[in-house]
Amino acid sequence: QVHLVESGGGLVQAGGSLTLSCAVSGNIFSISAMGWYRQAPGKQREVVAGVTYGNQTHYADSVKGRFTISRDNAKNTMALQMNSLKPEDTAVYYCNVRGWASAGNFVDSWGQGTQVTVSS
């Protein structure tokens with residue numbers, strides 16, 4: 001079983017910054033990709049940013065230039081630096097990891113989510 005624990009959410013004024021962190025533990029032998037998703041009330045979950053094992057990154061158009069995703073392969077952690085936050089960034093943010101367990105089965109796990117609220 002794989003466990004993901006997010007931290008760093010909170011309340012911030014528009015224009016402010018927050019850093020989200022995600023720590024991965026448990027039975028995962030190899031992580032191929034990690035990512036951040038978010039879900040605002042009444043909306044579908046959407047991808048925010050992703051990073052591969054080789055540190056290739058991709059971002060949603062709405063966050064390009066403001067958010068930066070990073071990962072530490074040695075520590076199995078991931079972070080999302082969020083700058084110039086806007087009220088429309090308000091959502092529950094989820095950490096996701098995809099990879100392979102030691103038994104060879106594919107793993108696709110989610111964290112419990114952390115609330116980010118940006119006030120205007």
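Scroll up a little and you will see the structure.
> Hey, could you run me through the packing of aromatic side chains in this one?
For any two aromatic rings, the description comes down to two numbers: the centre-to-centre distance and the angle of the planes. All chains considered together, the criterion is met by 2 aromatic pairs. With 4.8 Å between their ring centres and 65° between their planes, Tyr37 and Trp110 make a pair best called edge-to-face. Here Trp110 lies in strand β10 (residues 106-110) and Tyr37 lies in strand β4 (residues 30-39), a separation of 73 residues in the sequence. Relative accessible area serves as the criterion here: at 34%, Trp110 is assigned to the partly exposed category. Seen in terms of ring centroids, Trp100 and Phe106 are 5.1 Å apart; in terms of plane orientation they differ by 70°. Their pairing is edge-to-face. Trp100 gets classed as partly exposed once you look at its relative accessible area, which sits at 42%. Geometry around Tyr94 places Arg45 over its ring, the cationic atom sitting 3.7 Å from the centre.

> Whenever I open this one, the side chain of Asp89 confuses me. Can you help?
With respect to the helices, strands and loops of the structure, Asp89 is situated in the loop between β8 (77-82) and β9 (91-100). For Asp89, a relative accessible area of 1% puts it in the buried group. Polar side-chain contacts of Asp89 include one of 2.7 Å to the backbone nitrogen of Lys86. Residue contacts for Asp89: discarding those within four places in its chain leaves Arg38, Arg66, Phe67, Ser84, Val116 and Val118.

What counts, and at which threshold
- Residues numbered from 1 in each chain as written.
- Predicted model: local features only at pLDDT ≥ 70, side-chain atom pairs only at ≥ 80, totals over all residues.
- Heavy atoms only, no water.
- Phe/Tyr/Trp six-rings, centres within 6.5 Å; stacked < 30°, edge-to-face > 60°.
- Helix = DSSP H or I, 4+ residues; strand = E, 2+ residues; numbered from the N terminus.
- Buried < 20%, exposed > 50% of the residue type's maximum accessible area, 1.4 Å probe, protein only.
- Lys NZ or Arg CZ within 6 Å of the ring centre and 35° of its normal.
- Polar contact = N/O pair within 3.5 Å; in protein donor to acceptor, adjacent residues only side chain to side chain.
- Contact = heavy atoms within 4.5 Å.

Read these as geometric descriptors, not functional statements.
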